[in-house]
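# Summary of structural features
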Amino acid sequence: MTARPGTSATAGADTQLPAPTIAVDHLSVDFLLPTGRLRAVDDVSFEVNEGELFAIVGESGCGKSTLAAALQFLVPSPGRIATGDVLLRDQSLSAMNDEQLRRLRAADVAMVLQAAMGSFNPVITIGRQVEHVLEAHPQVWPSRRDGVAYFDHLLEIVRLPPARTRRSFESQLSGGMRQRVAIAFGLLLKPRVVVLDEPTTALDVVNQGIIIDVLLDLQEQLGVTVVFVTHDLALVAELASHVGVMYAGRMVQVATVDEIFYSPRRHPYVQALLSSIPNVLQAGRHARPIPGSVPRLDQLGPGCRFAPRCPLVQDRCRHSDPPLAGDASGNRVACHPLNDEITAEVSKP
Amino acid sequence: MSLLTVDGATQWFRNQTKPALDNVHLQIAPGEIVALVGESGCGKSTLGRISCGMLEPTTGSVTFDGHAVTSMSKRELKRFRMRAQMVHQDPFASLNPGLPLRTTLGYPLRYHRLARSRDLQDHLLALLESVGLDEGPAFLDRYPHQLSGGQRQRVSIARALSLNPSLIVADEAVSMLDVSMRVSLLDLMLSLQEEHGMAYLFVSHDLGVVRYFAGEGRIMVMFYGLVVEEGRTEDVITNPQHPYTTVLLGGTPVPDPRRARQRARGDSLKQAEGAASDTGCVFYQRCPLARQRCLEAQPPLLDVGSQHRSACWFHDEVPAHNQATNTTIAGTPAG
Amino acid sequence: MRQFGYDLWRILREQKAAMFGAIVVVVYCLTAIFGPMFVTVSNVSHPERAYEGPSWHQPLGTGPFGRGVLPELIVGTRPIMEVGVLAAVMTVAVGVAVGLSTGYLGGAVDSVVMRITDVFLTVPGLPLVIVIAALIHSSSPFVLAAILSIQAWAGLARAVRSQALSLRSSSFIEAARGQALPLRHIVGRQLLPNVGPYVAIHFLLAVTGAIYAEVGLFLLGIAPVSGTNWGIMINIAQSQGALYTTRSAIYLLAPMFAIVLLQVAFVLFSRALDDLFNPRTRVPA
């Protein structure tokens, strides 16, 4: 299907692979609080190639939402992009001026917020809002009619009746319907990437299933690249092709979805997360909570952030923070004991 | 003897064409765990609120500990409400943001004379410890926004626990927490049940969580105000007898990408486009087994096994749709 | 309480405008309380010294009766602020009590009380106050304050009621009801802190509104003229032809400026209150 993520941030060196649709290069995001500076995203790098469904997974407070916002180079204050860059097809976002970024945020990297919050103007119909968007970005749809027709097409893919939906107001739609309309809006200007923050949180299981199917259909039919943020690994299994796992601001594993769920080469945190899911297919008390708690970002030590809770912990884990290192298939894990195995393999005759 | 019996409950809200609850019967024995599952709008939360006295059904009877609620005096009604406590879904909204924990937890204890002023702090600290919050006295001075979602839910549980209830209604109590946090709260509620023996009415839309929590209890599957299947949790989940139950099971995400890829995509289309039917079986429009007979009347709950009932004429055909869920433990990668 | 003071100080330090407002308000309060102890305005009239310009002896010059403008201004602060604050207290007390209770209780109580409130809302405020003040000729600050707040509480009651209505269905209130907690606790301890910011700011606005109305009454000569205050000063300035001569400009403008400065100070200070009552912005002391 698509090329696997390489181990370097920019794919320029490798002539076979096209540039990744979106690449994050040693990105760090700080929050400037009265109590000091907090690094919510710490030196994160990964790529998303065209047509992939990339999941950013982590628990609350791990920095995943901040990272998602940074994909638009837009971090809410008091946040600030400290170092690093985001590249859209090798185009650096840090080098863009305000006008270019404004256009980027609407037409190249679209964002769909959690529970479609604030996405809609409550006093005008959906159809009216579509017109406003088309007016604001005439370069994408010079013909208003074509734009609306495309929106109708999107509504059909997300399983909503087009004409009736356009005539409705936000308040007439259920939560699940609102989320689907928000997704249609996100895709209206044909962005390269659509970023979804917790697309199924606050939805019941039936609506969740609809959103999952809708996103898979959209990706198949439109070839759009999707990045979504979630804390739910089960959702990841249903939807993602590739996964980046975050813990306390760091990316601790980047791999394909099969590698995350089936490969023995798994970050201990990922293993712990998998074991903590109440699985409908298993009887009894099979799930285990993760012992300990997430460290406070202002109380981090020099070593691996997961060390206090890790079953594989060694002495050096407390002193040095392991880098993301990939094996032959591209499964990158930030763990000293696991990365020893690679060097052992590599050094085999 | 049943602790709580809700009989023939029908609930109409204003400006609605269909009742939120339609002639629903619920019974909970002391110390029992009963789960209510269904999608939003099925009436499970309404039934939950009726069960702890927050709402009186439009028609139907509610009996608590042998006493009919409608004929209770003000004092008895107060006691009923205190003995049936609710834990709400939203950890952000269920605690008063303008009050410190000390007041939220402490005032009810003092008002109901369950603790004396001089013992209050010790009592509160012990209460917090019993829900896994082993913190010092300074913790009591905190405001809800200074706590994490998981901590807030624990405080909510502590609040419910503080009045020594016989029944706790957990209304989507873990739905707004991270998946990895849910287990520890579920384990907490189960251990409290082992220790204090209260019954639980566990309302949720997530079958994974329900199977974990109510595995040894019973489950009632609801659809638009009606109970469509009920029975022991393990029976209903491993051997569903109503097509809606298989829809819910099939739609529940599991941490297994290979299985997920095998799932047929068309099902959700039918669920998205269908609505509750007005004639015949309520599930007709969305049902994969629907046929002519289903339009005639709403099927009643029929006995289909030991303590297992289903409101479907064709329940025998249902297992054909759930082979996928029966390929179980060997395939899952977790644990 | 300590947390409250700490928060207030921190917010004032951050918001310079609010700090300015707070200082001015404090100065006015001190003037109102202590001013008349140090400054007196004689009853004797010295027409030969009327409208003198500013001098060392009288920094703001003299008025139509030869009395110093600044002393009059200082002495006139107390009556104005006294009545203003009293009126605001009455407005807020009645408005909040009525609004919270009916909003929470609902039902027949709500309907009846709201109809009464509507009556008070639709009657035009200032004319009503003028008429009543003209009928009741009292110089007691309490009576005057009561007259001023006779209409003002209704608007606040309505606003607080709608807040109570929306809070009523919130989970934490439902939980409190589920624990069979008494009404006085739910209204006083659970609901009140959540409308606190709104009420506090409205209190300041009520003070400014009462001061305007009060000055208006004195200006129009409806309220009994005794002693001196800003409203009386403007009244006398008018009747003594201050509008036609520039020499009396200071006598006319000084009380006006005093009023405006106080109102602006209140408004600036009220900005800090919004932050103050929001528990999320608290930094532990």
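Residues numbered from 1 in each chain as written. Chains lettered and ligands numbered in written order. Predicted model: local features only at pLDDT ≥ 70, side-chain atom pairs only at ≥ 80, totals over all residues. Heavy atoms only, no water.

## Comments concerning the overall build of chain B
The condition is simple: Working definition: helices are DSSP H or I runs of at least four residues, strands are E runs of at least two. Numbering for both runs from the N terminus. Atoms considered for the radius of gyration are the C-alpha atoms alone. The globule rule reads 2.2 Å times the number of residues to the power 0.38. Relative accessibility decides the category of a residue: with a 1.4 Å probe and only protein chains considered, values under 20% of the type maximum give buried, values over 50% give exposed, and everything between is partly exposed. Only heavy atoms enter the contact rule, under which two residues are in contact if any of them lie within 4.5 Å. Per-residue accessibility takes into account occlusion by the displayed protein chains alone, with areas from the Shrake-Rupley method and a 1.4 Å probe. We count Lys and Arg on the positive side and Asp and Glu on the negative side, and we leave His and both chain ends out. The location of each charge is read from NZ of Lys, CZ of Arg, CG of Asp or CD of Glu.
Broken down by element type, chain B carries twelve helices and twelve strands. Since a compact globule built from 335 residues should have a radius of gyration of about 20 Å, the 21 Å found for chain B is in line with a globular shape. Along the first, second and third principal axes, the C-alpha atoms of chain B reach 70 × 50 × 35 Å. Considering chain B as a whole, with its 335 residues, one finds that 58% of them fall into the buried category. Of the contacts formed within chain B by residues at least 6 apart in sequence, a portion of 64% connects residues at least 24 apart. Counting every atom, chain B has about 13800 Å² of accessible surface; 47% of that belongs to carbon and sulfur. Separation of charge centres in chain B, based on 33 positive and 34 negative side chains, amounts to 5 Å.

## Section: the interface of chain B and chain C
Put simply, the rule reads: By buried area we mean the combined loss of accessible area, with a 1.4 Å probe, across both parts when two parts are placed together. Definition of a polar contact: a pair of N or O atoms within 3.5 Å, with one able to donate and the other able to accept a hydrogen when the atoms are protein atoms, and with sequence-neighbouring residues admitted only if both atoms are side-chain atoms. Each residue is assigned to one of three groups, with Ala, Val, Leu, Ile, Met, Phe, Trp, Tyr, Cys and Pro labelled nonpolar, Asp, Glu, Lys and Arg labelled charged, and all others, Gly among them, labelled polar.
Contact residues are listed per partner, giving 26 residues for chain B and 20 residues for chain C. The contact between chain B and chain C buries some 2100 Å² in all, and 55% of this surface belongs to carbon and sulfur atoms. Counting the surface chain B buries against chain C, the share from its top three residues, Met54, Tyr107 and His145 of chain B, is 24%. Where chain B packs against chain C, one counts eight residue pairs in polar contact (both at pLDDT 80 or more). When residues of the side of chain B that touches chain C are traced back to their parent elements, those giving at least two are helix H2 (74-83), strand E6 (84-87), helix H3 (101-111) and helix H5 (149-162) of chain B. The element best represented in the side of chain B that touches chain C is H3 of chain B, accounting for four residues. Partitioning the side of chain B that touches chain C into residue classes produces twelve nonpolar, ten polar and four charged.

## Digging into the state of the cysteines
Residues and elements named next belong to chain A. The criterion, for reference: Disulfide: a pair of cysteine sulfur atoms within 2.5 Å of each other.
Going through the model one piece at a time under the given rule, you end up with zero disulfides over all chains. Looking at Cys62, it has no disulfide partner, and the nearest cysteine sulfur is the one in Cys304, 15 Å off. For Cys62, a relative accessible area of 4% puts it in the buried group. Sulfur of Cys304: no disulfide; nearest cysteine sulfur belongs to Cys317 and is 6.1 Å away.

## Details of the sheet that holds strand E1 (residues 4-11) of chain B
Residue and element names in this part refer to chain B. The test is simple: Criterion used throughout: strands pair if DSSP finds at least two bridges between them.
Taken together, the four strands give an open sheet; going across it, the order is E2-E1-E4-E5, and neighbouring strands pair in antiparallel fashion. If you trace the sheet from one side to the other, it starts and ends with strand E2 (21-28) and strand E5 (67-68), each paired once. With two bridges connecting them, strand E4 (residues 59-64) and E5 associate as antiparallel partners. Note on E5: the bridge partner recorded for Phe64 is His67.

## Regarding the interface of chain B and chain A
How we decide: The term salt bridge refers to a side-chain nitrogen of Lys or Arg lying within 4 Å of a carboxyl oxygen of Asp or Glu.
On the chain A side, the residues contacting the 51 residues of chain B number 46 residues. In this assembly, chain B packs against chain A so that about 4300 Å² is buried in total across both faces, 59% of it on carbon and sulfur atoms. Linking chain B with chain A are two salt bridges. Linking Asp258 of chain A and Arg261 of chain B is a salt bridge whose minimum nitrogen-to-oxygen distance equals 3.0 Å. Listed by contribution, the elements that provide at least two residues to the side of chain B that touches chain A are helix H6 (179-196), helix H7 (207-213), helix H8 (233-238), helix H9 (243-251), helix H10 (257-262) and helix H11 (267-273) of chain B. Of the residues forming the side of chain B that touches chain A, the biggest block, ten residues, is contributed by H6 of chain B. Looking at the side of chain B that touches chain A residue by residue, the class counts come to 23 nonpolar, 14 polar and 14 charged.

## Focus on the domain arrangement of chain B
Residues and elements named next belong to chain B. Short version of the rule: Residue ranges labeled as domains rest on an automatic or database domain assignment.
Considered domain by domain, chain B is made up of domain 1 (4-102 + 163-226) and domain 2 (241-320). A C-alpha centroid distance of 24 Å is found between domain 1 and domain 2. For the domain 1 and domain 2 pair, buried surface summed over both sides reaches about 1000 Å², with 70% attributable to carbon and sulfur atoms. Residues Lys18 and Asp278 are paired through a salt bridge, measuring 3.9 Å at the closest nitrogen-oxygen approach.

## Let's talk about the confidence of the model for chain B
Residues and elements named next belong to chain B. Going by this rule: Values of pLDDT, ranging from 0 to 100, describe the predictor's confidence in every residue of the model.
Scored by pLDDT, chain B comes out at a mean of 88, with 94% of its residues at no less than 70. Highest mean pLDDT in chain B belongs to strand E3 (residues 33-37) (97); lowest belongs to helix H12 (residues 323-326) (44). Overall, residues 320-335 carries pLDDT values under 50, and its contacts beyond four positions in sequence, including any with other chains, amount to 28 contacts.

## Describing the pattern of salt bridges
According to the stated counting rule, one finds 34 salt bridges over all chains in the structure shown. As a salt-bridge pair, Asp327 of chain A and Arg265 of chain A come within 3.3 Å of each other at their nearest N and O atoms. One end of the pair, Asp327 of chain A, is in the loop between strand E11 (325-326) and strand E12 (332-333); the other, Arg265 of chain A, is in the loop between helix H9 (257-262) and helix H10 (268-275), and 62 residues separate them in sequence. Across the pair, Arg265 of chain A and Asp327 of chain A agree in class, each one buried. The closest approach of N and O atoms between Arg286 of chain B and Glu39 of chain B, which form a salt bridge, is 2.8 Å. With a gap of 247 residues between them, Arg286 of chain B in the loop between H11 and strand E11 (302-305) and Glu39 of chain B in the loop between E3 and helix H1 (44-51) connect regions that are remote in the sequence.

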